[in-house]
Structure formats: structure tokens, C-alpha cells
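# Notes for the structure review
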Amino acid sequence: MMKVIFLGPPGCGKGTYASRICEKNDWVHISTGDLLRSAREDSEHGETIKKYQDTGGLVPDEIVLAVLKKRLERPDAEKGFILDGFPRTIPQADALESMSKIEKVINLRIPDHVIVEKILARRTCEECGNIYNIADIKFGPNDEYRMPPISPETEGKCDKCGGSLVSRSDENREIIENRLNVYREQTEPLIKHYRDKGILKDVDVTGPPAIMVPKILGVIGED
Ligand code: AMP
């Protein structure tokens, strides 16, 4: 049983690492971005959610907190979870404290230019949300870090469910810049917030999931 937050800029790999780590440990991967995207269809707030998500702004707390609370109350969350994309502001972190006791915060670090390249290369399955990467990205002081493509077996189709692979509507350069600004202004203060509480660990992104998943698992397992 472990309750973990993944912090880090959009595109740092939070979603991919969280989903793989949860599969291995039988924890649940809770992405507020995904929960909100699903809530667009059946919620009275669908239009509002779409407006904020399409421009990269933050969906109002009232809506996000309601969606998250409902998810945390499902019995499977008792086995442990990774929060991906929440909290994004100090007030959200305060609200979370009254819902659940977080044990660890993993702060994923990655250079900005890699983020932009990586988000532009990301493809998501329309049906199941599985994530692929169509570019081969090299970075680091001597280009020693690499994110090779994560390609589907059949171009444009998900390996897991056969669904179509698409770029999300918020995955273009202008909106990525906006999401990065929102991250710097509103979410980055959480790094100090959790560091001061003594539960934050930094992890540099230096490679593909095959490298990052064991690295992060090792840090989650440390005291
Ligand atoms: P993500 O999938 O985490 O990149 O989130 C995609 C979009 O969903 C964000 O740009 C926001 O519009 C919205 N969103 C996700 N999580 C939150 C949150 N914790 N608070 C407010 N908006 C959120």
C-alpha cells in the first residue's frame, strides 16, 4: 500500500511511468487529466472542462476535486495509488490533505526543450489511453540520454486494444507553451511545499520507460 504523487512538467513522462508502475504493483493510476476528459461526456460541467483543457488552463478546483474525490473513494484505491497531474496548485495540495495521507512525492525533472519535442511526438490511444512516442529524442550534455520511439506494431493502431492513435487537442506548440507557463507559475511551488514536508524525492528523466520505471521504483522503495 503506497500513496504517491508524481510531480513534473507536462510531457515529462508521468503518465507512462505511473501506468507501468501501477500495473506491476496492483496500485491504481489516477490521472486527473484523464478523469476530466472522461467526465466531459457525462457531466454537467462537460463544456467547462473542455474549454479549459483545450487551452491548457486549469479546470476550476470545484470540478477537479469532485472528480478526484469520487475516484479515491472507489475500493481499488485502497491498495495504493499514484496521482498523476494532481495536485497542480497549493490550494489543491491543501484540499488533498483532507482526503488522503500522501507518503511520497516523486519530482520528475527534464529540460524544457525535450518536453516540447516529446509532447509533439506523443500519440495516445483514443480508446484505452495507452501512450506511444513517434520521435527518437536525444538530450543531455553530450546527447547521452535518449528516448527512443515507442511505436505500435501497426502504424496508427493501439497494440493493447486496436484503437486509433491520435494527438490530443492540447498537443500543439502554442498550447504546450501555455501549459508550461501554467506549470511554472502554479505547480512548481509544490516542489518546495513537499520538500519542506520531507517527503519529496527528485528523479532526473534520463531515458525511456525501461530505464525510468526501475529507477523510480527504487526511489519509491527508499526510506
Ligand atoms: P494532463 O493530462 O495532466 O496533462 O492534464 C490535461 C489538462 O487537464 C490540463 O491542461 C488541465 O486543463 C486539466 N487538468 C488536469 N489535472 C488538473 C488539475 N489537477 N487541476 C486543474 N486542471 C487539471
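Notes on the structure follow.

Parameters and conventions
Residues numbered from 1 in each chain as written. Predicted model: local features only at pLDDT ≥ 70, side-chain atom pairs only at ≥ 80, totals over all residues. Heavy atoms only, no water. Salt bridge = Lys/Arg side-chain N within 4 Å of Asp/Glu carboxyl O. Helix = DSSP H or I, 4+ residues; strand = E, 2+ residues; numbered from the N terminus. Buried < 20%, exposed > 50% of the residue type's maximum accessible area, 1.4 Å probe, protein only. Pairing = 2+ DSSP bridges. Expected span 1.5 Å × (residues − 1). Arc of directions from axis to C-beta. Polar contact = N/O pair within 3.5 Å; in protein donor to acceptor, adjacent residues only side chain to side chain. 1 Å grid on protein atoms, 1.4 Å probe; cavity = no way out; pocket = protein on both sides within 12 Å on 5 of 7 lines; lining within 4 Å. Points joined across faces, edges and corners; volume = space filled by probe spheres on them. Nonpolar A, V, L, I, M, F, W, Y, C, P; charged D, E, K, R; others polar. Phe/Tyr/Trp six-rings, centres within 6.5 Å; stacked < 30°, edge-to-face > 60°.

Scanning all chains against the criterion turns up 19 salt bridges. A salt bridge links Lys 50 to Asp 54; its shortest N-O distance comes to 2.5 Å. In this pair, Lys 50 and Asp 54 both sit in helix α3 (residues 46–55), four residues apart, roughly one turn of the helix. A salt bridge links Arg 109 to Asp 204; the nearest nitrogen and oxygen atoms lie 3.0 Å apart. Taken together, the residues span a long stretch of sequence, with Arg 109 in strand β4 (residues 104–109) and Asp 204 in strand β10 (residues 200–204) at a distance of 95 residues. Taking the relative accessible area as the measure of exposure, Asp 204 reaches 36% and is therefore partly exposed. Among the ionic contacts, a cluster of salt bridges with common partners joins Arg 122, Arg 168, Asp 170, Glu 171 and Arg 179.

Here we come to the sheet that holds strand β9 (residues 165–166). The three strands lie next to each other as β6-β5-β9, forming an open sheet whose pairing is antiparallel. Each having just a single partner strand, β6 (131–133) and β9 make up the two edges of the open sheet. In the sheet, strand β5 (residues 122–125) pairs with β9 via two bridges, with the strands oriented antiparallel. Bridge pairing links Thr 124 to Val 166 in β9.

Bringing helix α7 (residues 173–187) into the picture now. Along its 15 residues, α7 runs 20 Å from first to last C-alpha, staying within 8% of the 21 Å computed at 1.5 Å per residue. Turning to α7, its buried residues number three or more, namely Ile 175, Ile 176, Arg 179, Leu 180, Val 182, Tyr 183 and Thr 187. Down the axis of α7, the buried side of the element spans an arc of 160°, and every buried residue falls inside it. Among the exposed residues of α7, those oriented more than 90 degrees off its buried face are Arg 173, Glu 174 and Glu 185. Capping the start of α7 is the job of one residue whose side-chain oxygen sits 3.2 Å from the backbone nitrogen of Glu 174: Asn 172.

As a further point, take unusual backbone geometry. A negative phi angle characterises most non-glycine residues, just as the trans form characterises most peptide bonds. The linkage connecting Phe 86 with the following residue, Pro 87, adopts the cis geometry, with an omega of -5°. Tracing the backbone through its elements, the reader meets Pro 87 in the loop between β3 (81–84) and α5 (90–97). The phi angle at Asp 26 is positive, at roughly 60°, despite the residue not being glycine. Take Asp 26: it is sitting in the loop between α1 (14–25) and β2 (28–31). Phi is positive for Asp 143, which is not a glycine, with a value near 55°. When you line up the elements, Asp 143 lands in the loop between β7 (137–139) and β8 (145–147).

Further remarks concern empty space enclosed by the protein. Tallying each qualifying case throughout the model produces one cavity of 30 Å³ or more. Approximately 160 Å³ is the volume found for the largest cavity. Surrounding the largest cavity, 14 residues form its lining, Thr 16, Lys 118, Asn 133, Ile 150 and Pro 209 being those nearest its centre. With three residues, β6 is the single largest residue contributor to the lining of the largest cavity. The class makeup of the residues in the lining of the largest cavity is eight nonpolar, four polar and two charged.

Tallied over the entire structure, the rule returns one aromatic pair. Aromatic pair Phe 139 and Tyr 145: ring centres 5.5 Å apart, planes at 65°, arrangement edge-to-face. On the basis of relative accessibility, which here comes to 28%, the residue Tyr 145 falls in the partly exposed class.

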